[in-house]
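What the coordinates show
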Amino acid sequence: MRKAFEQFLIKEGYKEYTPSGHPSTVYDYIKRIDTICEWEHTDWTGLAEKVAVLLPEYEEGGRKAHLGAKSHNAVRSALRCFKRFVSTK
């Protein structure tokens, strides 16, 4: 599922590398989903099954909003992209 998410992000136009050659948004979002899986004590498949329920918890006003806001909302953004990815499956 991780590789399919990577391909989804690339197809959506997210950057793989910065101009200086460092990993960019695609790989950052993959790491963010790994982190969310750790927080939720699940794997990618388990997260996919409950992403629609979990996303509001990470959004502003949700009980995990402080986690969603980390790194200038990158956690929240990654989870939103993951939800879009899951909905295409």
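Here's a quick rundown of the structure. This is a predicted model, so every value here is computed, not measured.

For helix H3 (residues 44-58), spanning 15 residues, the distance from its first C-alpha to its last is only 17 Å, which falls clearly below the expected 21 Å at 1.5 Å a residue. Those residues of H3 that sit buried are Trp-44, Gly-46, Leu-47, Ala-48, Val-51, Leu-54, Leu-55, Glu-57 and Tyr-58. Buried residues along H3 sit against helix H1 (2-11), helix H2 (25-40), helix H4 (65-68) and helix H5 (70-87). The N-cap residue of H3 is Asp-43: its side-chain oxygen and the backbone nitrogen of Thr-45 are 3.3 Å apart.

The next thing to look at is the pattern of salt bridges. Close approach of charged atoms allows side chains with opposite charge to pair. Across all of its chains, the model carries 9 salt bridges by this definition. The partner of Asp-34 in a salt bridge is Arg-2, and the shortest N-O contact between them spans 2.3 Å. Here Asp-34, found in helix H2, pairs with Arg-2, found in helix H1; they are 32 residues apart in sequence, far enough to count as distant. In this structure Asp-34 comes out as partly exposed when scored by relative accessible area, which is 23%. Arg-2 sits in the partly exposed class, given a relative accessible area of 39%. Through salt bridges with shared partners, a single ionic network connects Glu-40, Glu-57, Arg-63 and Lys-64.

What follows deals with the environment of Lys-3. Mapping Lys-3 onto the fold places it in helix H1. Measuring from C-alpha to C-alpha, the distance between Lys-3 and Ser-87 comes to 16 Å, with 84 residues separating the pair along the chain.

A few words on the environment of Ala-65. By the secondary structure assignment, Ala-65 is in helix H4. Distance from Ala-65 to Leu-55, taken between C-alpha atoms, is 9.6 Å for residues 10 residues apart in sequence. Contact partners of Ala-65, with chain neighbours within four places excluded, come to Glu-57, Tyr-58, Glu-59, Glu-60 and Arg-76.

What counts, and at which threshold
Residues numbered from 1 in each chain as written. Predicted model: local features only at pLDDT ≥ 70, side-chain atom pairs only at ≥ 80, totals over all residues. Heavy atoms only, no water. Helix = DSSP H or I, 4+ residues; strand = E, 2+ residues; numbered from the N terminus. Expected span 1.5 Å × (residues − 1). Buried < 20%, exposed > 50% of the residue type's maximum accessible area, 1.4 Å probe, protein only. Contact = heavy atoms within 4.5 Å. Polar contact = N/O pair within 3.5 Å; in protein donor to acceptor, adjacent residues only side chain to side chain. Salt bridge = Lys/Arg side-chain N within 4 Å of Asp/Glu carboxyl O.

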